[in-house]
Amino acid sequence: MYILAMDTSTHTLGVAVMKNERIIGEIVTDLKKNHSIRLMPAIAALMKETNIVPEQLDKIVVAKGPGSYTGVRIGLTTAKTMAWALNIPIVGVSSLEALAYQGRFYNSFICPFFDARRRMVFTGLYQWDGQQMKRIVHEQNVLMEDWLEFLGRKKKQILFLSPHIDAYRTIIKDHLGDHSLIPEDVYQMAKPSHLALAGKMKQADHTYTLTPNYLRLAEAEANWLKLQKEKQND
């Protein structure tokens, strides 16, 4: 079985090819460049390097958010178009779950998060159980201080993983102290190989109805809804 995995939900652009149980190729860049013009060339280059053609693909796995609104849309649009054209299954995987896979050998709680600005984060709580990553607390867009107060009440050690870890390192330690574990690596990013592993055993989504998981409305949409509500109240 050949699986193509792609993630454009953050600044990181990642593409991986899995053959059966083995990752045979991976491209990862962390650049503030337009994913829309770089994703397909990255896919083409990786498939050429791994000596496979699109018709050999059996499944596509894509990061469905949360993350960058534009980035998530680019990845999903590309993945859904390829899945439709090749008539193969597609699986959408949470970008947070893919990041949590970096802690798949850790035996306590895992907290992946992305900065959502204004001290807000996209986050959830996971734990590795046998051969599965299980979500313990649903993913949400929350004020980091409120989230840490909630986690502190669990009285368990928690592994934090994030590409934005430095911005929150102090507040995490202030709230959780020895109950927090932050890797020495300055930067942790979701890898497409982890995305492929996460999506390998998941049930396929419907190509037409698979949608992004933004966790919150885009600012423009939120403002529009607020305006409509104000008009109704006039």
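Just so you know, these numbers come straight off a predicted model, no measurement behind them. (Residues numbered from 1 in each chain as written. Predicted model: local features only at pLDDT ≥ 70, side-chain atom pairs only at ≥ 80, totals over all residues. Heavy atoms only, no water.)

Novice: Hey, could you run me through the overall build of the protein in this one?
Specialist: Within the protein one finds 7 helices and 10 strands. In summary, the protein has a C-alpha radius of gyration of 18 Å against a globular reference of 17 Å for 234 residues, a match within 12%. Here the C-alpha coordinates of the protein stretch approximately 55 × 50 × 30 Å along the principal axes. By the burial criterion, 47% of the 234 residues in the protein qualify as buried. Long-range pairs, those at least 24 residues apart, make up 64% of the contacts in the protein with a sequence separation of at least 6. Seen as two clouds, the 29 positive and the 24 negative side-chain charges of the protein have centres 2 Å apart. (Helix = DSSP H or I, 4+ residues; strand = E, 2+ residues; numbered from the N terminus. Rg over C-alpha atoms; globule rule 2.2 N^0.38 Å. Buried < 20%, exposed > 50% of the residue type's maximum accessible area, 1.4 Å probe, protein only. Contact = heavy atoms within 4.5 Å. Lys, Arg positive; Asp, Glu negative; His and termini not counted. Charge placed at Lys NZ, Arg CZ, Asp CG, Glu CD.)

Novice: How should helix H6 (residues 192-200) be read in this particular structure?
Specialist: Turn by turn, an α-helix covers 3.6 residues, leaving residues three or four places apart pointing in a common direction. For H6, the tally of buried residues reaches 8 of 9 residues, placing the bulk of the element in the interior. Buried residues of H6: Pro 192, Ser 193, His 194, Leu 195, Ala 196, Ala 198, Gly 199 and Lys 200, and no others. For H6, the elements touching its buried residues are strand E1 (2-7), strand E2 (12-19), strand E3 (22-30), strand E4 (59-63), strand E5 (90-93) and helix H3 (95-100).

Novice: Is there a simple way to think about the pairing of E5 in this case?
Specialist: Look at any regular strand and the pattern is simple: side chains alternate between the two faces of the sheet. Residues of E5 alternate between two faces, with Ile 90 and Gly 92 on one and Val 91 and Val 93 on the opposite face, all of them buried. As judged from the 4 bridges shared by E4 and E5, these two strands associate in the parallel manner. Bridged to Ile 60 within E5 is Ile 90. In this fold, the crossover linking E4 to E5 by way of helix H2 (residues 69-86) has right-handed handedness. (Pairing = 2+ DSSP bridges. Right-handed = clockwise from strand over helix to strand, strands pointing away.)

Novice: I'm lost on helix H5 (residues 165-176) in this one. Help?
Specialist: The set of residues buried in H5 consists of Ile 165, Tyr 168, Ile 171, Ile 172 and Leu 176. Here the buried residues of H5 occupy an arc of 135 degrees about the axis, which is enough to place them on one side. Exposed positions of H5 whose direction lies more than 90 degrees from the buried face are Thr 170 and Asp 174. The first or second residue beyond H5 is Gly 177, which carries a positive phi of 55 degrees. (Arc of directions from axis to C-beta.)

Novice: Is there a simple way to think about the sheet that holds E1 in this case?
Specialist: Backbone-to-backbone hydrogen bonds join strands into a sheet, with any given pair of strands oriented parallel or antiparallel. Spatially, the 5 strands line up as an open sheet ordered E3-E2-E1-E4-E5, and their pairing is mixed. Edge positions in the open sheet fall to E3 and E5, since each of these has one partner strand only. Taken pair by pair, the neighbouring strands of this sheet meet at an average axis angle of 15 degrees, ignoring direction. As judged from the 4 bridges shared by E1 and E4, these two strands associate in the parallel manner. Looking at E4, one finds that Ala 5 is bridged to Val 61. Helix-sheet contacts for H6 involve E1, E2, E3, E4 and E5, and the interaxial angle to E2 is about 50 degrees. (Axes fitted to C-alpha atoms, helices over the stretch in contact; angles between N-to-C directions.)

Novice: Mind showing me how you'd approach the sheet that holds strand E9 (residues 158-161) here?
Specialist: Strand order in the open sheet formed by 5 strands is E8-E7-E6-E9-E10, with mixed pairing between adjacent strands. The sheet terminates laterally at strand E8 (132-143) and strand E10 (180-181), the two strands that pair on one side only. With 4 bridges connecting them, strand E6 (residues 109-115) and E9 associate as parallel partners. Bridge pairing in E9 links Cys 111 to Phe 160. In the packing of helix H4 (residues 144-152) onto the sheet, contacts are made with E6, strand E7 (120-129), E8 and E9, and the angle to E8 comes to roughly 140 degrees.

Novice: Any chance you could explain the packing of H4 against H5 here in plain terms?
Specialist: The axes of two packed helices give the description: the angle between them and the distance between them. Their axes nearest at 9 Å, the elements H4 and H5 cross at an angle of 35 degrees. In the packing of H4 onto H5, the handedness of the crossing is right-handed. Two secondary-structure elements touch here, H4 through Met 144, Glu 145, Leu 148, Glu 149, Leu 151 and Gly 152 and H5 through Tyr 168, Ile 171, Ile 172, His 175 and Leu 176. Among the residues making up the contact of H4 with H5, the classes are represented as 7 nonpolar, 2 polar and 2 charged. (Left-handed = near helix turned anticlockwise from the far one by under 90°. Nonpolar A, V, L, I, M, F, W, Y, C, P; charged D, E, K, R; others polar.)

Nothing here speaks to function; it is all geometry.
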